[in-house]
Amino acid sequence: MGVDGGADAEFLALERELSLLFRRARAGQGELARAVHPQLEPAAYGLLVRLIEGGPQRATDLAAYMGVGKATISRQLGGLEELGLIDRAVDPADRRASLLRVTPLGSERVAAVAAARRSAYVRRLAGWDRRDVGELARLLGRLNGVLTEPN
């Protein structure tokens, strides 16, 4: 069937809803970044979260994970360092390299923003059945798994 046919209607609806969700997520990332620090770039917020979730990492590993180049990652990491949200430590596996890690200030600020975001989800989804919330989380996890696989 064609793109407008019945079998594709579900995929068109999925594409439309995901596009809207992604646009809102990009806008929301800016708000989250400003809540952590008024001068924090939205893209750098994602790096900060990645360091919290994954622990200390090299800049090259962060760049590969985020899919950005060396110049971009260096600029964003420099901004995070200037704001006191991350610092560097010697990599014990290779003393010539350094690991980036979140400072206590960075952890504290991100934790506060995450707690506020979860509270907002609880308020906005208060009318939802908890099973539906769980099912949505499960399906999004499944989708994220498929989207991270190589084509």
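Residues numbered from 1 in each chain as written. Predicted model: local features only at pLDDT ≥ 70, side-chain atom pairs only at ≥ 80, totals over all residues. Heavy atoms only, no water.

1. A word on the pattern of salt bridges
Enumeration according to the criterion identifies 8 salt bridges in this entry. A salt bridge links aspartate 94 to arginine 96, with the shortest nitrogen-to-oxygen separation between them at 3.0 Å. Accessibility expressed as a relative area gives 19% for aspartate 94, which makes it buried. On the basis of relative accessibility, which here comes to 77%, the residue arginine 96 falls in the exposed class. In this structure, aspartate 129 engages arginine 131 in a salt bridge whose closest nitrogen and oxygen atoms are separated by 2.8 Å. Classification of aspartate 129 by relative accessible area gives partly exposed; the value is 32%. With a relative accessible area of 66%, arginine 131 lands in the exposed category. (Salt bridge = Lys/Arg side-chain N within 4 Å of Asp/Glu carboxyl O. Buried < 20%, exposed > 50% of the residue type's maximum accessible area, 1.4 Å probe, protein only.)

2. Comments concerning the packing of aromatic side chains
On inspection of all chains with the given rule, the structure shows 0 aromatic pairs. Arginine 50 extends its terminal NZ or CZ atom over the ring of tyrosine 65, reaching a point 3.7 Å from the ring centre. (Phe/Tyr/Trp six-rings, centres within 6.5 Å; stacked < 30°, edge-to-face > 60°. Lys NZ or Arg CZ within 6 Å of the ring centre and 35° of its normal.)

3. Quick word on the UniProt feature "domain: HTH marR-type" (unreviewed entry) in the protein chain
As recorded in UniProt, the sites labelled "domain: HTH marR-type" (unreviewed entry) are residues 11-145. Helix makes up 72% of residues 11-145 and strand 11%, whereas the separation of the span's terminal C-alpha atoms amounts to 18 Å. (UniProt positions renumbered as here; feature names shortened; annotations may be inferred. Helix = DSSP H or I, 4+ residues; strand = E, 2+ residues; numbered from the N terminus.)

4. Structural notes on helix H5 (residues 104-124)
For an α-helix, 3.6 residues make a turn, and residues three or four places apart therefore share a direction. In this model, H5 (21 residues) spans 30 Å end to end at C-alpha, consistent with the 30 Å of a helix rising 1.5 Å per residue. Every buried residue of H5 is listed here: Gly106, Val110, Val113, Ala114 and Ala120. Buried residues in H5, looked at end-on, bunch into an arc of 115 degrees, giving them a common side. Pointing more than 90 degrees away from the buried face of H5 are the exposed residues Pro104, Glu108, Val122 and Arg123. (Expected span 1.5 Å × (residues − 1). Arc of directions from axis to C-beta.)

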